[in-house]
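# Breakdown of the fold
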Amino acid sequence: MNSIISHLPHPRLSTRSIRRGAVGVLFFLQGLSFASWASRIPSIQQTLHLSDAELGGVLLALPAGLMLSLPLAGWLTAKIGSRKVATLAVGLYALTLLSIGLAQSIPALMGCLFVFGLVGNMANISINTQAVGVEALYQRPVMASFHGLWSLAGFAGAMLGAFMIGAGIVPYQHFAAVLFFALAALAVASRYILPEDANTNADQPIFAKPDKSLLILGIIAFCAMICEGAMFDWSGIYFKKVVQADKAMVGAGYTAFMSTMALGRFIADWFTTRYGLKRTLQLSGVLIASGLLTSVALPYLGTAILGFFLVGFGVSSVVPLVYSAAGKSTVLSPGVALAAVSTIGFLGFLIGPPLIGFVAGATSLRISFTIIAGMGLCVALMAGKVKGE
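Labelled according to an unreviewed UniProt entry, the chain appears under the name MFS transporter, originating from Larkinella bovis. UniProt's Subcellular location (unreviewed entry) comment on the chain is quoted here verbatim: "Membrane".

## Overview of the overall build of the chain
Scanning the chain from terminus to terminus reveals 15 helices and zero strands. Radius of gyration (C-alpha) of the chain: 20 Å, near the 21 Å computed for a compact globule of 389 residues. C-alpha atoms of the chain, sized along the principal axes, occupy 60 × 50 × 35 Å. Counting the 389 residues in the chain, one finds 53% classified as buried. In the chain, once contacts between residues fewer than 6 apart in sequence are set aside, the share between residues at least 24 apart is 85%. By element, 69% of the accessible surface of the chain is carried by carbon and sulfur atoms, the whole surface being about 16600 Å². In the chain, the 23 positive side-chain charges and the 12 negative ones have mean positions that sit 6 Å from each other.

## A short note on helix H5 (residues 61-80)
Residues lying three or four places apart along an α-helix face the same way, a consequence of the helix completing one turn every 3.6 residues. Taking 1.5 Å per residue, 20 residues should reach 28 Å; H5 reaches 27 Å between its end C-alpha atoms and fits that length. Bending of H5 peaks at approximately 45° at the position of Ser69, with proline Pro71 no more than four residues after it. Three or more residues of H5 are buried, namely Ala61, Leu62, Pro63, Gly65, Leu66, Ser69, Leu70, Ala73, Gly74 and Thr77. Immediately beyond the C-terminal end of H5, within one or two residues, lies Gly81, with a positive phi of roughly 95°.

## Quick word on the side chain of Thr96
In this fold, Thr96 is placed in helix H6 (residues 82-102). At 2.7 Å, the side chain of Thr96 and the backbone oxygen of Leu92 are in polar contact. If we ignore the near neighbours within four places in the chain, the residues touching Thr96 are Cys112, Val115, Phe116 and Val119.

## Observations concerning a nonpolar patch on the surface
Together, Leu152, Leu263, Phe266 and Ile267 give the surface a local cluster of nonpolar side chains, amounting to about 350 Å² of exposed area. Residue contributions to the nonpolar patch peak at three residues, all from helix H11 (residues 252-275). Inspection of the secondary structure puts Phe266 in helix H11. Overall, the relative accessible area of 40% leaves Phe266 in the partly exposed class.

## Comments concerning the nonpolar core
By size, the foremost hydrophobic cluster in this structure holds 79 residues, and its most contacted members are Trp37, Ile100, Leu109, Leu113, Ile220, Leu281 and Val341. Residue contributions to this core peak at 14 residues, all from helix H7 (residues 106-138). Apart from residues no more than four positions distant in its own chain, Trp37 is found in contact with Ile44, Leu59, Leu62, Leu97, Ile100, Leu113, Phe116 and Phe175. By size, the runner-up hydrophobic cluster in this structure holds 29 residues, among which are Met261, Val311, Phe369 and Ile372.

## Quick look at the packing of helix H8 (residues 143-166) against helix H9 (residues 171-189)
As a packed pair, H8 and H9 sit with axes 10 Å apart at the nearest point and diverge in direction by 140°. The orientation of H8 with respect to H9, classified from their angle, is oblique. Considering only the axes of H8 and H9, their crossing is right-handed. Note on element contacts: H9 touches H8 through His174, Ala177 and Val178, opposite Leu160, Gly161 and Met164.

## Side note on the environment of Ala268
Following the sequence through the fold, Ala268 ends up in helix H11. Along the chain, Ala268 and Ser317 lie 49 residues apart, while their C-alpha atoms are 5.8 Å from each other. Discounting residues that sit within four places of it in the chain, Ala268 has contacts with Ala144 and Ser317.

## Topic: the state of the cysteines
Throughout the structure, instances matching the rule amount to zero disulfides. Of the cysteine sulfurs around Cys223, a residue in no disulfide, the closest is that of Cys378, at 4.6 Å. The exposure class assigned to Cys223 is buried, which follows from its relative accessible area of 5%. Free cysteine Cys227: the closest other cysteine sulfur is in Cys223, separated by 7.4 Å. Note on Cys227: relative accessible area 1%, which makes it buried.

Calculation rules
Residues numbered from 1 in each chain as written. Predicted model: local features only at pLDDT ≥ 70, side-chain atom pairs only at ≥ 80, totals over all residues. Heavy atoms only, no water. UniProt positions renumbered as here; feature names shortened; annotations may be inferred. Helix = DSSP H or I, 4+ residues; strand = E, 2+ residues; numbered from the N terminus. Rg over C-alpha atoms; globule rule 2.2 N^0.38 Å. Buried < 20%, exposed > 50% of the residue type's maximum accessible area, 1.4 Å probe, protein only. Contact = heavy atoms within 4.5 Å. Areas by Shrake-Rupley, 256 points an atom, 1.4 Å probe, with all protein chains shown as cover. Lys, Arg positive; Asp, Glu negative; His and termini not counted. Charge placed at Lys NZ, Arg CZ, Asp CG, Glu CD. Expected span 1.5 Å × (residues − 1). Bend = angle between axes of the 7 residues up to and from the residue. Polar contact = N/O pair within 3.5 Å; in protein donor to acceptor, adjacent residues only side chain to side chain. Patch = residues over 30% accessible without salt bridge, like charges linked within 9 Å, V, L, I, M, F, W, Y side chains within 5 Å. Salt bridge = Lys/Arg side-chain N within 4 Å of Asp/Glu carboxyl O. Core = buried A, V, L, I, M, F, W, Y, C linked by side-chain atoms within 4.5 Å. Axes fitted to C-alpha atoms, helices over the stretch in contact; angles between N-to-C directions. Parallel < 35°, antiparallel > 145°, perpendicular 65-115°, else oblique. Left-handed = near helix turned anticlockwise from the far one by under 90°. Disulfide = S-S within 2.5 Å.

Here is the structure:
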């Protein structure tokens, strides 16, 4: 087996720290680009005079591009290596962001968003493959900290967007500034990311059926991302309609969830090193379920915020740990294994929000959130089937 460790001298702390920092920059740049787009959606809707229904249709172009790229991203990463794919995809991601700001019609915007989703997932698979390689250097979990940087970039992008809106700067100028920063940072970071991927083997097929262990990881990701998608799309509505929070506090649940999700990712690696993969995933599932059930059983401002805090902690570590475990697959190359697990997991992200809407329409939002709590319990139960620590 050829591994990153066999191709490099035993890394001094400074060497592997540089690798880790460079890969961290890629995670930050991807998160910043996505958050920059998300922060200007209302501005773009207003500029193109889109109704809510038209905007909903336009936004479908992004996940369409993402889904199409899932098998391609894994194949390309396995074929030419994550270093080349990551460098190209992160740069194109920021460049496509600028094209979104320049779009002057619905078809043009949909085309840009389709490419944005496609290259975004190419970046996602390749930079996570790089993160697997960094873990091989450290020989302990570090994946969650990379995802923490992505979340941190989300906060930075949201604040930058608020500043740009307040200053009257139009989206394409905002996105041009992000592109300039991204290309400058990428030019430096790409020199220090890993030259070869970990856990590669010339005998491994590029395309193959995922084994049982990868399917289990995919199911765990699926359940966790249903919960994550629900928090992104329905937290504000839950606080408005069920908690009946004041207008100024409607976003408190989302803020609580995002803050602990980001914080949790920076402590998850330490926790996993100390207590193991299974226990961390089991605790994550219990936190998700208990947080949602607290919010359902006690739909008051303080208790609902507490519940959303717990959900954020629970969701924070699941996807990073699942990606880390998938990247160590002995059946498929890291990029292909990550793409397989991502495909299953992302279906949950797509299914979660409409599922809540359908159930809420037939019953109530509280019942919807109770069902989503069951997904947290599924994470805890399936974690017991995960191999290794």
